[in-house]
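Residue strings, one per chain:
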Amino acid sequence: MTQAYFYQDPYAKTITAVVTAVVATEAGSSVYFDRTIFYPLGGGQPGDTGVIHFNEQTVAITDTRKDPNLEIQHITKAALEALPPIGTTVTLELDWARRHKHMQMHTAMHLLGALIDAPVTGGQVGVDKSRLDFDIGDLQLDKGALTEQLNHMIVSGTDLTFEWVAEAVLDAQPDLVRTMSVAPPRGAGDIRMVRIPGIDYQPCGGTHVQSLSEISPLIVSKIENKGRQNRRVHLVFA
Ligand SMILES: [Zn+2]
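Residues numbered from 1 in each chain as written. Predicted model: local features only at pLDDT ≥ 70, side-chain atom pairs only at ≥ 80, totals over all residues. Heavy atoms only, no water.

1. With respect to helix α2 (residues 96-115)
Then, number 1: End to end, α2 covers 29 Å across 20 residues, agreeing with the expected 28 Å (1.5 Å per residue, within 8%).
Then, number 2: Of all 20 residues making up α2, 15 are buried, and the element is well covered by its neighbours. (Helix = DSSP H or I, 4+ residues; strand = E, 2+ residues; numbered from the N terminus. Expected span 1.5 Å × (residues − 1). Buried < 20%, exposed > 50% of the residue type's maximum accessible area, 1.4 Å probe, protein only.)

In structure tokens:
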């Protein structure tokens, strides 16, 4: 398995890695490494983009995903011949500006989920805008109040903590899983828990900021009616 170095250090912008496989695909190729800083699409967070440097050449990575075997595949439009052969040591470089926005937005989604006391039915993290869907029942939502509460949490500067727990521990506390639709994959052993002390604690495989103070000011831009009980809450950077 590829070592998911983005869990060890979500702030690593470059890393050296060894090519372990290259595969031709319909749209180009996929490259695999012994370790990576590229986060694969999952949990409502997009896959990372960036470049690979090797032998004074550069190849653009346009997406990162988990393949059917759950291995992390780095997707490129480049043909197989343009890629470094197995065993080559390369440098991976993230599109850090994009990823850091994903980290800010993803953490903000957890804040939003903590502010709205209703089951989450879906969500999508983006660079400029994100959304979280709730089954709100009779709850009334006010975008002005939510915006104020969110930014109040951000300026608190609370530090996040991360820990891995056995799946059995989580099974004994099903109420911890608030976002079933974006819950981390099961069956891989331990589950990663993300804690925002005093605010939120839930299983999540995404990348997050270390401190809430890193999140740029946000606005709840729209609360969309998606059926009698469902509301889509949209979030943008101010
Ligand atoms: Zn999450």
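2. Topic: the sheet that holds strand β12 (residues 161-166)
Then, number 1: Spatially, the 3 strands line up as an open sheet ordered β12-β13-β14, and their pairing is antiparallel. Looking at strand neighbours, the two that pair on one side only are β12 and β14 (200-203), the edges of this open sheet. Averaged over all adjacent pairs, the angle separating strand axes in this sheet is 25°, with direction ignored.
Then, number 2: Here β12 pairs with strand β13 (residues 190-196) via 6 bridges, running antiparallel. Its bridge partner being in β13, valine 165 is matched across the sheet by isoleucine 191.
Then, number 3: The sheet contacts of α2 involve β13 and β14, and relative to β13 the element is tilted by about 75°. (Pairing = 2+ DSSP bridges. Axes fitted to C-alpha atoms, helices over the stretch in contact; angles between N-to-C directions. Contact = heavy atoms within 4.5 Å.)

3. Examining the coordination of the zinc ion
Then, number 1: Every protein donor of the zinc ion is listed here as His106 (NE2), His110 (NE2) and Cys204 (SG), and their distances to the metal cover 2.1 to 2.3 Å.
Then, number 2: Every donor residue of the zinc ion comes from the same chain, spaced as H-x3-H-x93-C. In this pair, histidine 106 and histidine 110 both sit in helix α2, 4 residues apart, roughly one turn of the helix.
Then, number 3: Judged by relative accessible area, which is 4%, histidine 106 ranks as buried. (Donors = N, O, S within 2.8 Å, 3.2 Å for Na, K, Ca; no water.)

4. Some remarks on the domain arrangement of the chain
Then, number 1: Domain annotation for the chain reports domain 1 (3-94) and domain 2 (99-237).
Then, number 2: Using only C-alpha atoms to locate each centre, domain 1 and domain 2 end up separated by 27 Å.
Then, number 3: Contact with domain 1, which involves 13 residues of that partner, is made by 18 residues of domain 2.
Then, number 4: Around 1300 Å² of area is buried between domain 1 and domain 2 when both sides are counted, 54% of it from carbon and sulfur atoms.
Then, number 5: Counting across the domain 1 and domain 2 interface gives 1 salt bridge.
Then, number 6: Linking domain 1 with domain 2 are 10 residue pairs in polar contact (both at pLDDT 80 or more).
Then, number 7: In the side of domain 1 that touches domain 2, the residues fall into 8 nonpolar, 3 polar and 2 charged. (Domains from an automatic or database assignment. Buried area = accessible area lost by both parts, 1.4 Å probe. Salt bridge = Lys/Arg side-chain N within 4 Å of Asp/Glu carboxyl O. Polar contact = N/O pair within 3.5 Å; in protein donor to acceptor, adjacent residues only side chain to side chain. Nonpolar A, V, L, I, M, F, W, Y, C, P; charged D, E, K, R; others polar.)

5. Overview of the pairing of strand β11 (residues 129-135)
Then, number 1: Here strand β10 (residues 120-124) runs beside β11; their pairing, made up of 4 bridges, is antiparallel. Each residue of the ladder has a partner; that of glutamine 124, found in β11, is arginine 131.
Then, number 2: Between β10 and the antiparallel strand that follows it, β11, lie 4 residues.
Then, number 3: As paired strands, β11 and strand β16 (residues 230-237) are joined by 7 bridges and run antiparallel to one another. Within β16, the position partnered with arginine 131 by the bridge is histidine 234.

6. Regarding the environment of tyrosine 201
Then, number 1: Inspection of the secondary structure assignment puts tyrosine 201 in strand β14.
Then, number 2: Among the residues examined, tyrosine 201 registers a relative accessible area of 23% and is labelled partly exposed.
Then, number 3: Within the local environment of tyrosine 201, its side chain forms a polar contact with the side chain of glutamate 163, the two groups lying 2.7 Å apart.

7. Observations concerning the packing of aromatic side chains
Then, number 1: All chains considered together, the criterion is met by 4 aromatic pairs.
Then, number 2: Relative to tryptophan 164, the ring of tyrosine 7 has its centre 5.4 Å away and its plane inclined at 85°; by these criteria the two rings are edge-to-face. Residue tyrosine 7 is found in helix α1 (residues 5-8), and its partner tryptophan 164 is found in strand β12; the two are separated by 157 residues along the sequence.
Then, number 3: Taking relative accessible area as the criterion, tyrosine 7 reaches 28% and is therefore assigned partly exposed.
Then, number 4: Against the face of tryptophan 96 rests lysine 13, its NZ or CZ located 4.5 Å from the ring centre.
Then, number 5: For the cation-ring pair, arginine 195 lies above tyrosine 201, with the distance from its terminal atom to the ring centre recorded as 4.0 Å. (Phe/Tyr/Trp six-rings, centres within 6.5 Å; stacked < 30°, edge-to-face > 60°. Lys NZ or Arg CZ within 6 Å of the ring centre and 35° of its normal.)

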